[in-house]
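# Observations on the three-dimensional arrangement
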Amino acid sequence: MTDPAAAVEAGVDVHEHAGVGDPNAHHHSPEQIRAEMRVYLAVFAGLGVLTAVTVGAFYALRSFPVRTAIIVALIIASIKGFLVAGFFMHLLSEKKVIYGILILTVIFFIFLMTLPFGHHANPFGS
Amino acid sequence: MDAHASVGHAELEIPYNVHPRPDTGVYNAKLGVWLFLASEVMLFGALFSSLILLRTGAESWPRGYEFLNVKLATFNTFILILSSVTVVMAWSHLRLGNLKKGRIYISATVLCALIFLTAKAFEYSHEFHEHRFPKTNNFLAIYFTMTGLHGLHILGGVIVFLYFLGPGAKMWLHEAERYTNRIEVVGLYWHFVDLVWIFLFPILYLM
Amino acid sequence: MGLRRQIRVGSQWMYADEAHRALREALRVMDDEQAGHGHHQSFIRRYVFSTDHKWIGIQYGFTALCFLLLGFCLMILMRLQLGWPGQPFGVMKLLGELRAPGGILLPEAYNQLGAMHGTIMIFLGIVPLAVGAFGNYLVPLQIGAPDMAFPKLNMVSYWCYLPGGLIMLASFFAPGGTAQSGWTSYPPLSVIASQGQTWWLVGMVFLITSSLLGSVNFIVTIIQLRAKGLSYMRFPFFVHAQFVTSFLLLLAFPPLEAAAVLQLMDRVAGTSFFLPSGLVVSGTALTNAGGGNPLLWQHLFWFLAHPEVYVLILPAMGIVAEIIANGTRKPLWGYKSMVFATVFLGFMSFVVWAHHMFLTGMGTTISAFFQTTTMIISIPSVIILSSLFISLWGGSIRFTTPMMFALAFLPMFGIGGLTGLPLGLAAADIHLHDTYYVIGHFHYVVAPGTIFAMFAGIYYWFPKATGRKLNEFWGRVHFWISFVCINGIFFPMFAQGLAGVSRRLYDGGMQYQHAKQIASQTNPFMSICAIGLLVAQVPFIFNFFYNAIAAAFGNRDEGLGSNPWEATTMEWAATTSPPLAHGNFEVLPVVYRGPYEYSVPGSAVDFIPQHQAETAEPAPRGGVLLPTTAVAMREN
């Protein structure tokens, strides 16, 4: 629960914010929240740089085989995805039940992704 | 019973609607939105999977960068990332109890989304002008289907954000924490839409 | 049970059953008072756009039963044609001159009936009945929750289902008729089919949305709103079944939604996702760009549709398990292994989809993989079925109507499951694929399997929803005629299939030399059985409506009590029948024990409800009694 004394800025609505403390809730102190906001801005900068890197790598790798370009692009996209999911969606500090659901989803997602490979890998008569 | 139980008079109080359940540590809507996102992963996953199957089975495959507007798409990627960061900033300010700043950041998000959609509309009209339609070839078919579906998700997000800026913000007066939670939840959805674009951009434009 | 317990209400001692009646009366009076004091919900909020899970469950149930009957009637028309090919029937004229000139069904119309029979039965009948109706009504009550986690979402879910169903029905009036490419909608035929297919796809998008919303709601409800003390291994088996089913719906349906969007693009925007190059239709080459892959649809479709099979069967197993535990007065044998088998079944159902596609040109390596997974997935089904069979051993079985249907489920599902094994092996499947053997196999699973379980559930939980029991005698009549007729329809299909009769033949195989003999010997008999099955539903329909209408007018069976089956699970034991309109329980219950404490040695009564604290104390007959504080809490 936010400490009402810390909310000193104009226009701050503190009523209802006092009390009802729940030790299990993920309520952070204002300092923590401000620290988180700095992390968000850093992640934003990182994502911006990585977007530039994606496009840069694309032009740099034009003479290379398509396979290389695809792998590099997907690696960079995965890093960006990790940043978004890990920090913006705060998955790095999430509860077990949500990890459980996402692990299950990832497994089925992998099954789904093997579908085209299975389809082409072993045609009849091979 | 919470103080605000009386607000919705006849409405039934559902447990863990606002505060997390002690043993799971999450409130209902947060679990709900993650489950919804899990199904979205499978939806877009199926489309990515279709793209791979069609592309690997095709004799020739057009390359997006040869005719699509890579510069505009890069700009749009920045815009979407920016809109993601404004959502978490809005959520953080709401957690600090600052509705005013929260609203400003939500408005910024909506603005970013509208810029994205405008740029997308500009791209689409350019393709149509050049006589490139979904039926032209399978690359364009999957391009229009996936970006179109992604655009619909953006539009859905804009509608929800506008609701929380306008009539939905009344909830702040009585149930500030619930309102903050709602922004967190719609934020999770919004980041996911951003995440999809992060993969769509290189796959459609750069490969 | 001649025991009459006394309890203290306020300062006074009363007999438990009397106090119970008084409490219900008090609650009813309070409800009336509330109605008069501005809390009155409008008719529309209460009965049309209701957010109460119980009423939404009833809405789902009623709609789904109507669709089941409709799907069945479509099948009767098909069976008339199959039994007596080319004969005119007066009833066919209902389809109109375009589809059945002079009462003789046209082949195109036969295809339409076939496609819509499958679609309606699966997506509009059984899934909404099993998950939407039973799940919605029972899961919150069984886990001690006041409602679903998201009541408004629950309402939206129903209001996506109904328009989806209506769009499907409206497609019958589309130019060129409704969808006619089978419930599987295989391209390229489905892409070049008439306009009805587009309506089918739009309807499917609505139905998928409804399922997704519902499954999110179920999972959150089960994880978050469990009563205190209700750990996962104390769930009634039905809750486990619904839980796994919800995950299947959540994660398997989106690929079909993607596939539906792609097919919609193919049909509306002229793309070629599923159209290969160089396709010639009726002598003219298609102008599409081509380069697509029809097998892509099959992959995406079966990625959903195999888990969908378990969506059809798991809730049925859940219902049967509840009724068997209650009817045998014994705990379920092997409850834990049943639960783990269910979870494993759900998981494996995602990796068997290509066993529907052995004949599509897959290589032997991939075939071998899917054969192996298919053989593996039969193991958990056998564990569940065996546990249910063994549960009967040594029980003093109460042969009530719900128990009869539940008992019939066991061998019927057994036949359906075992006949599936040859289909899962590529070598045998080459001969049996797309024959009547397949039709016999999956109908045994779904018709005398799942639908019998649904009937069992309706007979069993009807008193819960209405306060009245369905008539036992007419229940028996319904059961025995249905049981005989349904086997008369489906068993000959195995013989037909083994003789090589293909499915989806307009004349049932009369045009083929190899099929002619067996078709002419069996088809009229099967069709007569189908009509018999229709007749058998008449006592059920009357029984159902007579009692439902009587209950709606407030005629409750007062002697019945709240727990007529003397059950242990909380939907019976911890609340009244029917439950409170608002919030289900007078006080949210706390759970102290497992779900099936029947015939506990040393106990005075043969059932101990889940929420009862002390072991030695027998539960009061006619429902649990609550202290006056409960009444006070209602006023809050």
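These figures come from a predicted structure and were not determined experimentally.

What counts as what
Residues numbered from 1 in each chain as written. Chains lettered and ligands numbered in written order. Predicted model: local features only at pLDDT ≥ 70, side-chain atom pairs only at ≥ 80, totals over all residues. Helix = DSSP H or I, 4+ residues; strand = E, 2+ residues; numbered from the N terminus. Contact = placed C-beta atoms within 7 Å. Rg over C-alpha atoms; globule rule 2.2 N^0.38 Å. Buried ≥ 20, exposed ≤ 12 C-beta atoms within 10 Å, placed from the backbone. Nonpolar A, V, L, I, M, F, W, Y, C, P; charged D, E, K, R; others polar. Core = buried A, V, L, I, M, F, W, Y, C linked by C-beta atoms within 7 Å. pLDDT = per-residue confidence, 0-100. Axes fitted to C-alpha atoms, helices over the stretch in contact; angles between N-to-C directions. Parallel < 35°, antiparallel > 145°, perpendicular 65-115°, else oblique. Expected span 1.5 Å × (residues − 1). Left-handed = near helix turned anticlockwise from the far one by under 90°.

A few words on the overall build of chain B. Along the backbone of chain B there are six helices and zero strands. Counting from the amino terminus, chain B carries its helices and strands in the arrangement α-α-α-α-α-α. Taken over the C-alpha atoms alone, chain B extends approximately 65 × 35 × 25 Å along its principal axes. Partitioning the intrachain contacts of chain B with sequence separation of at least 6 by distance along the chain shows that 74% fall at a separation of at least 24.

The subject of this paragraph is the overall build of chain C. Looking only at helices and strands, chain C has 19 helices and four strands in total. Its C-alpha atoms give chain C a radius of gyration of 26 Å, within 12% of the compact-globule value 26 Å for 636 residues. By principal-axis analysis of the C-alpha atoms, chain C measures approximately 90 × 55 × 50 Å. For chain C, buried positions account for 55% of its 636 residues. Partitioning the intrachain contacts of chain C with sequence separation of at least 6 by distance along the chain shows that 77% fall at a separation of at least 24.

Further remarks concern the interface of chain A and chain C. At the interface, twelve residues of chain A touch 13 residues of chain C. Classifying every residue of the side of chain A that touches chain C gives seven nonpolar, five polar and no charged.

Trans peptide bonds make up the majority, and among non-glycine residues the majority have a negative phi. Residue and element names in this part refer to chain C. Omega for the peptide link from proline 187 to proline 188 comes to 0°, which places this bond in the cis form. As for its placement among the helices and strands, proline 188 is situated in the loop between helix H5 (151-170) and helix H6 (189-192). Residue proline 578 is reached from serine 577 by a cis peptide bond, and omega for that bond is -10°. A positive phi angle, close to 50°, is found at serine 282, a residue other than glycine. The residue arginine 504 is not glycine, and still its phi comes out positive at about 60°.

Before going further, it helps to examine the nonpolar core. Counting 285 residues, the largest nonpolar core has Ile219, Val320, Phe405, Ala406, Phe409 and Ala456 of chain C as the members making the most contacts within it. Among all residues touching alanine 406 of chain C, those that are not within four sequence positions of it are Val320, Ile323, Ile324, Gly327, Ala453 and Ala456 of chain C.

Moving on to the interface of chain B and chain A. Opposite the 45 residues of chain B that make contact, chain A presents 49 residues. Contributions of two or more residues to the side of chain B that touches chain A are made by helix H1 (28-57), helix H2 (70-95), helix H3 (99-129) and helix H6 (176-206) of chain B.

Confidence in the prediction for chain C averages 90 pLDDT; 90% of positions are at 70 or higher. Considering only residues more than four positions removed or in separate chains, one finds that residues 616-636 of chain C, a stretch of pLDDT under 50, has 50 contacts.

Moving on, we get to the packing of helix H8 (residues 237-268) of chain C against helix H10 (residues 335-348) of chain C. Residues and elements named next belong to chain C. Viewed as axis vectors pointing N to C, H8 and H10 meet at an angle of 10°, and their least axial separation amounts to 9 Å. Classified by the interaxial angle, the pair formed by H8 and H10 is roughly parallel. Along the contact surface, H8 presents Phe237, His240, Ala241, Val244, Phe247 and Leu248, while H10 presents Tyr335, Met338, Val339, Thr342, Val343 and Gly346. Residue composition of the contact of H8 with H10, by class: nine nonpolar, three polar and no charged.

This part covers helix H17 (residues 513-552) of chain C. A rise of 1.5 Å per residue sets the reference length of H17 of chain C, with its 40 residues, at 58 Å; its end C-alpha atoms lie 57 Å apart and thus fit the reference within 8%. Just beyond H17 of chain C, the residue with positive phi is glycine 554 of chain C, at close to 85°.

Residues and elements named next belong to chain C. If you trace the backbone, leucine 359 turns up in the loop between H10 and helix H11 (364-392). Its 12 C-beta neighbours within 10 Å are what place leucine 359 among the exposed residues. Residues leucine 359 and aspartate 434 lie 75 residues apart in sequence; the distance between their C-alpha atoms is 9.9 Å. Apart from residues no more than four positions distant in its own chain, leucine 359 is found in contact with Ile430 and His433.

With that out of the way, let us pick up the environment of arginine 21 of chain B. Structurally, arginine 21 of chain B can be placed in the segment before H1. Judged by the 19 C-beta atoms lying within 10 Å of it, arginine 21 of chain B falls in the partly exposed class. In contact with arginine 21 of chain B, other than residues within four places in its own chain, are Tyr16 and Val26 of chain B together with Gln224 of chain C.

Residue and element names in this part refer to chain C. Along its 27 residues, helix H16 (residues 472-498) runs 39 Å from first to last C-alpha, staying within 8% of the 39 Å computed at 1.5 Å per residue. Those residues of H16 lying buried are Gly475, His478, Phe479, Ser482, Cys485, Ile486, Ile489, Phe490, Pro492, Met493, Gln496 and Gly497. On its buried side, H16 packs onto helix H12 (401-418), helix H14 (426-432), helix H15 (436-466) and H17. In the segment just after H16, glycine 500 is the residue with positive phi, at about 90°.

So, about the packing of helix H3 (residues 53-83) of chain C against H5 of chain C. All names here are of chain C. Close contact between H3 and H5 brings their axes to 10 Å; oriented N to C, the two are set at 15°. With respect to H5, the axis of H3 lies roughly parallel. As H3 runs across H5, the sense of the crossing is left-handed. Contacts from His53, Ile56, Gln59, Tyr60, Thr63 and Phe67 in H3 reach Pro151, Asn154, Met155, Tyr158, Leu162 and Gly165 in H5. Partitioned by chemical class, the residues of the contact of H3 with H5 number seven nonpolar, five polar and no charged.

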